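Structural overview for review
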Amino acid sequence: MCGIVGYIGTKKASPILINGLIRLEYRGYDSAGISTIEKEELSIMKDKGRVKNLYHLKGIDDLTGTIGIAHTRWATHGKPSKENSHPHMDNSKTFSVVHNGIIENYNELRNFLTDNGYIFYSQTDTEVIPNLVHYYYEKDEKTDNLRFLRAVKNACSDLKGSFAIEIICKDYPDNMIVTRKDSPLVIGKGENENYISSDIPAILSFTRNFYLLNDFELVVLSRNNVVFYDKDLNPIEKDTKTIEWNASSAEKDGYEDFMLKEIYEQPTAIRETIGAKFNEETKCEFDELNFTKEYLSSLNKIYIVACGTAMYAGLAGKNAIEKLCKIPTEVDVASEFRYRDPLVDDKTLCIFISQSGETADTIAALKLCKEKGAKTLAISNVIGSSITREADYSIYTHAGPEIAVASTKAYTSQVILITILSIYFAEILDIECEKVSLLKRDILQLPKKIEETLKLSEVIEEFSKKVYQEKDIFFLGRGIDEAVAKEASLKLKEISYIHSESYPAGELKHGPIALIENDITVISIMTDNTLVEKTISNIQEVITRGAKTLVITNQNVDEDMFDRIIKIPETNPFVSPILSIIPLQLFSYYISKEKGLDVDKPRNLAKSVTVE
Ligand code: M6R
C-alpha cells in the first residue's frame, strides 16, 4: 500500500520520479506527489488523484533538482486530499518526507510535538515524521556531517508501527536518507546515481543491481555512494543482488492491460516455475531445502497461511500434501490465524504463500510461528522480499513481475510450486505411489495445456458480454473445484464490482439456495470424475429454480443440460485448478472491460497490502 520512489544522481529528478510513480501506481492511487531540492530550497508538488495529475501542475516542468522523493498514496489516515498527500514537510521546511506504512503511535507523537510548538496541517500519521526529525535536529549540538542521520535515527526510534521512509533535507542537498521497518523498500545502484523504490519492477529499466534492506537499517545515499548503518549507527557492509527479470517484463508489451498480459504469460510462468531440473525419472529437489525423512515424519501438522488469492492457492497445497504425504494440513487466512492462538509447536511446519512477500498479516503470522518454535517456509515471487528474509526456508515462483492488482499468473505458479513441494515431501517420505509418477508426467504437460485453454478466450468474451450487467453471480464446485470457485469469485468481485459468492455445491441446499431466482447466473466447475454426478445433481437444483448455468469442465457430460459449457483440457486433479481458473480469469477480465472499468487498478485496492 502506497508506493515510494527516490532518485539522486546527475539527471533531472522529476521525470524519473513520475515515471517510477506511474509504475508503482498499482500500490495506491488516492494521491501523488514529489519533492525535490531546487536552489537549496525544498519544493513540493502534489495533488489528489492519479499520478498523471502531476503533469498538469503549474511549474512541474521547471523543476531542475537532481535529488528527489515521490509517493503514490493508498489512504489510511486522512481522506484522499491535497493536504493529506505526500510528501510532507516539517514546519521549518527543512525536511521533506514520504512514507509507506502506518505510524501507530502518531497521536502520542503529535501531542508531544504540539506541546513543543509544532503545527499540523494534515490528518495523516506521516506528518509527525518530518517534525520529529526536525525536533531532534534542533536539539543536536554537533553540526558535523552526521547530524541529519542522527536526527533521522532518533526520530525513527520513537516510531511504532510500520514504515518505509525517504527523507531529504535542504541543508544536505547531496544526501538522501532512507530506512524501513515492516514495509518494503529497495535501493537500485546505478552509475553516479542511485534509486529507491517500494519494489523492483518500478526501477528495472534503470538498473538490475539492488541492495535489500533489513528492518531498522539506515542508509545514506549520495550520487556515488550508498552507506549502510545498523540501528545504532554502526556502519555495515552490503552486496548488491542482480535481478534476472528484464525491463520489458514490467511493461504491457502491446497488451491493453497488465492483467490480460499476465493471463497470457501463464504458460511461461508455469514452465519457469516447474524449472528445467524437474523430470519424471529423478527425485524432486529444491536447492534451498534440506528436509529429512525423520523431520517430515515427526510433524504433527502443516499449516499453510496466506491472504486472498495466495490463500486459495494454499487450498490446492493442502489437497496435494494430505493426499500424497498423509500429513494433516490446515489452511488459514493470515489475519485470523495470528490472533487465534494457533496450535503451533516445533512439530509443525508452517508454509506462507505471498506473491509480493510483503503482505503485513502474512509476515506477522510467520513471526508468530517462529516464536512458537515451528520451522517456517516462504513461497514468494519476489527474491529478497521481506517474507523470504524472515523465513527459515524460501522457495520461489518464477512468474516474473505481476503488476495488475488481480493476481493471475502468481496464483497458478503458486499452485504448481506447492504441488511440486508436496511431491518433494512424498519422495523424501519414500511414499512410492503411481499417483506421484503420473502427477509428474502431467505437470510437464501443463504449459501446452494452458496454451490450449487460452484459445477459449473468444467464447468466454462472448459469454461475458451476455452477463456483464448482472448484479449477482454464484460459483459452485466440489473438492478442489470448490477452491477454484472461491478464487474465481474473488477475481470477479475485485475487478468487476459484481457481487459474487462461492459455495461448495453440496452446501447450497443448507441455505444459499434461497438466493437462487429466475435468470441468476450460476457458474460451476467440474473437473473431478469422482464428483461429477453429485455436482450435476446440485446444478439441476439451481436449473429447476430458474438459474442460467455455465459449466467449466474437462469431463464428458451431456452438454444440453446447461446453458453454456466450456471444455478445458483434461489433466491431473492435483493441478486442475491451473487450467480451470483460466477461463474464469478471462471471464472476470472481459466483464470488467465491458463495464468500462480500470482492470489493473480496481477501486479501493492495492497490489501489496503492507498494512494490517
Ligand atoms: O502479495 P500477496 O500474495 O501476499 O497478496 C495476497 C493478496 O492480497 C492478493 O492475493 C489479493 O487477494 C489479490 N488482489 C487477489 O487478486
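Everything here concerns the structure above.
Residues numbered from 1 in each chain as written. Predicted model: local features only at pLDDT ≥ 70, side-chain atom pairs only at ≥ 80, totals over all residues. Heavy atoms only, no water.

1. Brief notes about the side chain of Asp-481
Within the secondary structure, Asp-481 sits in helix α15 (residues 480-496). This buried residue, Asp-481, is left without a salt bridge; Arg-478 holds the nearest opposite charge, at 8.9 Å. Beyond its immediate chain neighbours, meaning those up to four positions away, Asp-481 contacts Ile-525, Met-526, Thr-527, Asp-528 and Ser-576. (Helix = DSSP H or I, 4+ residues; strand = E, 2+ residues; numbered from the N terminus. Buried < 20%, exposed > 50% of the residue type's maximum accessible area, 1.4 Å probe, protein only. Lys, Arg positive; Asp, Glu negative; His and termini not counted. Salt bridge = Lys/Arg side-chain N within 4 Å of Asp/Glu carboxyl O. Contact = heavy atoms within 4.5 Å.)

2. A few points about the pattern of salt bridges
Between side chains of opposite charge, a pair can form when the charged atoms approach closely. For the coordinates displayed, the defined rule picks out 35 salt bridges. In this structure, the salt-bridge partner of Glu-322 is Lys-318, at a minimum N-O distance of 3.4 Å. Residue Glu-322 and its partner Lys-318 are both found in helix α8 (residues 308-325); the two are separated by 4 residues, about one turn of the helix. The class for Glu-322 is partly exposed, based on a relative accessible area of 28%. Exposure remark for Lys-318: the relative accessible area of 28% places this residue in the partly exposed category. The salt bridge involving Asp-332 is made with Arg-340; its shortest N-O contact spans 2.3 Å. The exposure class of Arg-340 is partly exposed, given its relative accessible area of 38%. It is possible to trace a salt-bridge network through shared partners that takes in Lys-181, Asp-182, Lys-367 and Glu-390.

3. Observations regarding the sheet that holds strand β18 (residues 348-354)
With parallel pairing, 5 strands are arranged side by side in an open sheet as β17-β16-β18-β19-β20. The two strands at the open ends of the sheet, each matched to only one other strand, are β17 (329-333) and β20 (393-396). Across this sheet, the average inter-strand angle for adjacent strands is 20°, counted without regard to direction. Pairing of strand β16 (residues 301-306) with β18, which is carried by 6 bridges, proceeds in the parallel orientation. Looking at β18, one finds that Ile-304 is bridged to Ile-351. Contacts from α8 reach β16, β17 and β18, with the element oriented near 175° to β17. (Pairing = 2+ DSSP bridges. Axes fitted to C-alpha atoms, helices over the stretch in contact; angles between N-to-C directions.)

4. What to know about the packing of helix α2 (residues 106-115) against helix α3 (residues 128-139)
Running from N to C, α2 and α3 point in directions that differ by 45°, and their axes come no closer than 10 Å. Classed by the angle they form, the pair α2 and α3 counts as oblique. Handedness of the α2/α3 crossing: left-handed. Together, Tyr-106, Leu-109, Arg-110, Phe-112 and Leu-113 of α2 and Val-128, Asn-131, Leu-132 and Tyr-135 of α3 make up the contact between the two elements. In terms of residue class, the contact of α2 with α3 is built from 7 nonpolar, 1 polar and 1 charged. (Parallel < 35°, antiparallel > 145°, perpendicular 65-115°, else oblique. Left-handed = near helix turned anticlockwise from the far one by under 90°. Nonpolar A, V, L, I, M, F, W, Y, C, P; charged D, E, K, R; others polar.)

5. What about helix α13 (residues 434-454)?
The end-to-end C-alpha distance of α13 is 30 Å, a good match for the 30 Å that 21 residues give at a rise of 1.5 Å each. Considering bend angle alone, the principal kink of α13 is centred on Leu-446 and spans about 45°; proline Pro-447 follows within four residues of it. For α13, the set of buried residues is Val-436, Leu-439, Lys-440, Asp-442, Ile-443, Leu-446, Pro-447, Lys-449, Ile-450, Thr-453 and Leu-454. Where the residues of α13 are buried, they touch α5 (258-264), α6 (266-274), α8, α12 (409-428), α14 (457-467) and α17 (576-594). (Expected span 1.5 Å × (residues − 1). Bend = angle between axes of the 7 residues up to and from the residue.)

6. Remarks on unusual backbone geometry
Along the chain, His-86 connects to Pro-87 via a cis peptide bond; the corresponding omega equals 0°. Take Pro-87: it is sitting in the loop between β4 (67-73) and β5 (88-89). Positive phi outside glycine occurs at Phe-216, with the angle close to 70°. Since its relative accessible area comes to 36%, Phe-216 is described here as partly exposed.

7. Let's talk about the site of the ligand
In the vicinity of the ligand there are 15 residues, among which Ser-354, Gln-355, Ser-356, Thr-359 and Glu-494 approach most closely. Between the ligand and Ser-407 there is a distance of 2.8 Å, counted from an oxygen atom to a backbone nitrogen or oxygen. Side-chain polar atom of Glu-494 to an oxygen atom of the ligand: 2.3 Å apart, as the coordinates give it. Considered on its own, the ligand offers 410 Å² of accessible surface; in the complex 91% of this is hidden by protein. Of all elements in the fold, only α8 and α15 reach the threshold of two or more residues within the shell around the ligand. Class assignment of the residues belonging to the shell around the ligand gives a composition of 6 nonpolar, 7 polar and 2 charged. (Near = heavy atom within 4 Å. Polar contact = N/O pair within 3.5 Å; in protein donor to acceptor, adjacent residues only side chain to side chain. Areas by Shrake-Rupley, 256 points an atom, 1.4 Å probe, with all protein chains shown as cover.)

8. Here's the deal with the state of the cysteines
Throughout the structure, instances matching the rule amount to 0 disulfides. Residue Cys-284 stays outside any disulfide, its sulfur separated by 11 Å from that of Cys-325, the closest cysteine. (Disulfide = S-S within 2.5 Å.)

9. Quick look at the nonpolar core
Counting 94 residues, the largest nonpolar core has Phe-291, Ile-351, Leu-377, Leu-421, Phe-425 and Phe-587 as the members making the most contacts within it. With 12 residues, α12 is the largest single contributor of residues to this core. Excluding residues that lie within four positions of it along the chain, Phe-587 makes contacts with Ile-460, Phe-463, Ser-464, Val-467, Ile-473, Phe-475, Leu-492 and Ile-523. One finds Phe-95, Tyr-118, Val-128 and Tyr-137 within the second-largest nonpolar core, a separate group that totals 31 residues. (Core = buried A, V, L, I, M, F, W, Y, C linked by side-chain atoms within 4.5 Å.)

That's the geometry; what it means functionally is another story.
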